[in-house]
Amino acid sequence: MLGGVGTRLWDLAGLYAALASGGEARPLRLADGARPDGDAPVRLIGPVAAEQLARILEEAPPPAEVVPPGDTRQPRRIACKTGTSYGFRDAWALGYDGAHTVGVWVGRPDGTPNPGHYGRNTAAPLLWRVFDLLAPSPRVAFADRLPAGGRALAPGWRHLAGAPAA
């Protein structure tokens, strides 16, 4: 469940894969390989907004189980978001880097509550462990797809007083 709306993990992973692709959605695939004909991308958001969202989501700290507090190593840059449905029925974690999109759902098949289990403490550690099993990949970046001027804020966004310019 996302907010108050039921959502499948497959659909959420598709949305995050679109963010990882600079805002272009394509049908999901579970392995590398050629895309079938007719899988033209559908633009959901622009590359500037996708880049800005990736930078925001990358700021989410990894779970303490993955990188202990005080560890000075730079963790893998994963743009991720966690969530928990009403009544602790579902715990989610979705994330992407420059090459992979991963979605994790933890819950009970019958939908009964699982108190104390939420996205941050249950699904996020699994998400980071999955990324640890994958080959290292570059940080997600869309600089090659940005319009001239590059990192300008998306239309309608303003800087807060004292905030550095993009």
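Below, the structure is looked at part by part. (Residues numbered from 1 in each chain as written. Predicted model: local features only at pLDDT ≥ 70, side-chain atom pairs only at ≥ 80, totals over all residues. Heavy atoms only, no water.)

### Describing the nonpolar core
Of all hydrophobic cores here, the largest spans 12 residues; its members are Leu12, Ala13, Tyr16, Leu19, Ala20, Ala54, Leu57, Ala79, Trp92, Leu94, Tyr96 and Val140. Those elements that place two or more of their residues in this core are helix 1 (9–20), helix 2 (47–58) and strand 4 (90–96). Counting residues per element, this core draws most heavily on helix 1, which supplies 5 residues. If we ignore the near neighbours within four places in the chain, the residues touching alanine 54 are Ala79, Tyr96 and Val140. By size, the runner-up hydrophobic cluster in this structure holds 11 residues, among which are Ala91, Ala124, Leu127 and Trp128. (Core = buried A, V, L, I, M, F, W, Y, C linked by side-chain atoms within 4.5 Å. Buried < 20%, exposed > 50% of the residue type's maximum accessible area, 1.4 Å probe, protein only. Helix = DSSP H or I, 4+ residues; strand = E, 2+ residues; numbered from the N terminus. Contact = heavy atoms within 4.5 Å.)

### Quick look at unusual backbone geometry
Backbone geometry at phenylalanine 88 places phi at a positive 60°, although glycine is not the residue there. Within the secondary structure, phenylalanine 88 sits in the loop between strand 3 (79–84) and strand 4. Under the relative-accessibility criterion, phenylalanine 88 is labelled partly exposed at 34%.

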